[in-house]
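Residue-level structural notes
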Amino acid sequence: MARAEEDRSSYEVCKETADWLRARTAQHPKTAIICGSGLGDLADVLEKKAVFPYEDIPHFPRSTVAGHAGRLVFGELSGQPCVCMQGRFHCYEGYSGSTVTFPIRVFSLLGVEVLITTNAAGGLNHHFQVGDIMFIRDHISMFGLGGQNPLRGPNDERLGVRFPCMSDAYDPDLLSLAMESAQELGFQSFVHAGVYCMLAGPSYETIAESRVLQALGADAAGMSTVPEVIVARHCGLRVLGLSLITNRAATSYSSPEEASHEAVLRVSVARAEALCRLLARLTARLGESPRAPRPQPLTFI
Ligand SMILES: O=P(O)(O)O[C@H]1O[C@H](CO)[C@@H](O)[C@H]1O
Ligand SMILES: Nc1nc2[nH]cnc2c(=O)[nH]1
């Protein structure tokens, strides 16, 4: 029989973990990065690393999915102090919303101000190619609309307000900065902005479901990210979301696309270097002037 899941929703539990980490690293990260499926290499490029396997950290859940190593990595990216999750948690693993988002609250208590969350996603927008990058402008949560919100349950005001706003979930200044960084690197031909749709998983979409998601205005589909973003906004972090399009969702009964996690990981690993360059550039820009107004918004499809 499965063991009962630990309740990680309380402020005290989050603080215990934050205090444990604070006592073991001299780093004071301002930015947290979550590595999506197969994107763990993003953490390997940090300098002055301090690495904590999840199983060594009090109250931390365990990674159970291939392509999610299960390590917390503190270090510097472009000279900026960061903490990287080399492996995230998903609701389909059987974890509750508060467990999936536990690290976000710990980061907030450690003084993190910006969350950069990355994922592997299936492209629904016909303009997207495998290997493209989509900055998340907004999200639709099939999971959340169905009642599975990570903030469900009693609210502790020390963690955030009862009814957080989500119309500003993805920080427009960070989005502009990310687009500028992509342009500086010459990435504009394969970078877009769009709407990420979260589904419960772990099965991929049927053709009819993908068509429904397209009709709803979703550009990419995945099984993560949204709970993290909701909790990050609840505790006042600024958020940038980024999807790597690892496959194209099948939307026709004659289309050859067949989703598999092996193919998702192949594409993620192959594109990790481009993502590393983009995040390094973006982090450097963040360090220059965290809240400077962007001169001219750039438009991407
Ligand atoms: O969102 P990440 O963790 O990148 O992973 C994506 O890839 C897996 C499916 O291949 C799912 O877990 C989906 O959410
Ligand atoms: N739901 C979903 N998640 C993904 N993660 C990577 N690709 C996909 C996909 O096509 N659909």
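Taking an unreviewed UniProt entry as the reference, the chain is identified by name as Purine nucleoside phosphorylase belonging to Aythya fuligula. The record in UniProt for the chain states the following under Sequence similarities (unreviewed entry): "Belongs to the PNP/MTAP phosphorylase family."

1. As for the nonpolar core
Formed by 45 residues in total, the largest nonpolar core has its most connected members in Leu21, Leu72, Ile104 and Leu115. Not counting residues up to four positions away in its chain, the partners in contact with Leu72 are Leu21, Ala50, Val51, Phe52, Tyr54, Ile57, Phe60, Val83, Cys84, Met85 and Phe107. If you look at the next biggest cluster of nonpolar residues, it comprises 35 residues, including Cys35, Val114, Ile133 and Phe187.

2. What about the site of ligand 2?
Around ligand 2 sit Ala120, Ala121, Gly122, Tyr204, Glu205, Ala221, Gly222, Met223, Thr246, Asn247 and Val264, and those are all the residues in its vicinity. One of the backbone N or O atoms of Gly122 is found 3.3 Å from a nitrogen atom in ligand 2. Glu205 is positioned such that a nitrogen or oxygen atom in its side chain is 2.5 Å from a nitrogen atom of ligand 2. Contact with the protein chains hides 94% of the accessible area of ligand 2, taken as 280 Å² for the molecule alone. Among the secondary structure elements, those contributing two or more residues to the shell around ligand 2 are β5 (114–123), β8 (220–222) and β9 (238–248). Class assignment of the residues belonging to the shell around ligand 2 gives a composition of six nonpolar, four polar and one charged.

3. Here we look at the UniProt feature "binding site: phosphate" (unreviewed entry) in the chain
Taken from the UniProt record, the annotation "binding site: phosphate" (unreviewed entry) applies to Ser37, His68, Arg88, Phe89, His90, Ala120 and Ser224. Relative to the elements of secondary structure, Ser37 occurs in the loop between β1 (31–34) and α2 (41–44). Looking at the element boundaries, Ser224 is found in the loop between β8 and α8 (226–234). Given the relative accessible area of 7%, Ser224 is considered buried. Apart from the residues lying within four places of it in its own chain, the contact partners of Ser224 are Arg88, His90, Asn119, Tyr196 and Met198.

4. Focus on α8
Burial analysis of α8 places eight of its nine residues in the buried class, the great majority of the element. If you check which residues of α8 are buried, you get Val226, Pro227, Glu228, Val229, Ile230, Val231, Ala232 and His234. The positive-phi residue at the C-terminal boundary of α8 is Gly236, with phi of around 85°.

5. Focus: the packing of aromatic side chains
Scanning the entire structure with this criterion turns up eight aromatic pairs. Look at Phe89 and Tyr95: their rings are 5.9 Å apart centre to centre, the planes differ by 85°, and that puts the pair in the edge-to-face class. For Phe89, a relative accessible area of 1% puts it in the buried group. Connected via pairs of aromatic rings, a cluster forms that spans Tyr54, Phe60, Phe89, Tyr95 and Phe102. A cation sits over an aromatic face here: Arg271 above Phe190, 4.6 Å from the ring centre.

6. Describing unusual backbone geometry
One can expect most non-glycine residues to show negative phi and most peptide bonds to be in trans. Cis geometry marks the peptide bond from Gly201 to Pro202, where omega comes out at 0°. Despite not being glycine, His59 has its phi angle at roughly 70°, a positive value. Located in the positive-phi region is Thr225, a residue other than glycine, with phi close to 75°. For Thr225, the position within the fold is in the loop between β8 and α8. By relative accessible area, Thr225 is classed as buried at 0%.

Criteria and cut-off values
- Residues numbered from 1 in each chain as written.
- Chains lettered and ligands numbered in written order.
- Predicted model: local features only at pLDDT ≥ 70, side-chain atom pairs only at ≥ 80, totals over all residues.
- Heavy atoms only, no water.
- UniProt positions renumbered as here; feature names shortened; annotations may be inferred.
- Core = buried A, V, L, I, M, F, W, Y, C linked by side-chain atoms within 4.5 Å.
- Buried < 20%, exposed > 50% of the residue type's maximum accessible area, 1.4 Å probe, protein only.
- Contact = heavy atoms within 4.5 Å.
- Near = heavy atom within 4 Å.
- Polar contact = N/O pair within 3.5 Å; in protein donor to acceptor, adjacent residues only side chain to side chain.
- Areas by Shrake-Rupley, 256 points an atom, 1.4 Å probe, with all protein chains shown as cover.
- Helix = DSSP H or I, 4+ residues; strand = E, 2+ residues; numbered from the N terminus.
- Nonpolar A, V, L, I, M, F, W, Y, C, P; charged D, E, K, R; others polar.
- Phe/Tyr/Trp six-rings, centres within 6.5 Å; stacked < 30°, edge-to-face > 60°.
- Lys NZ or Arg CZ within 6 Å of the ring centre and 35° of its normal.

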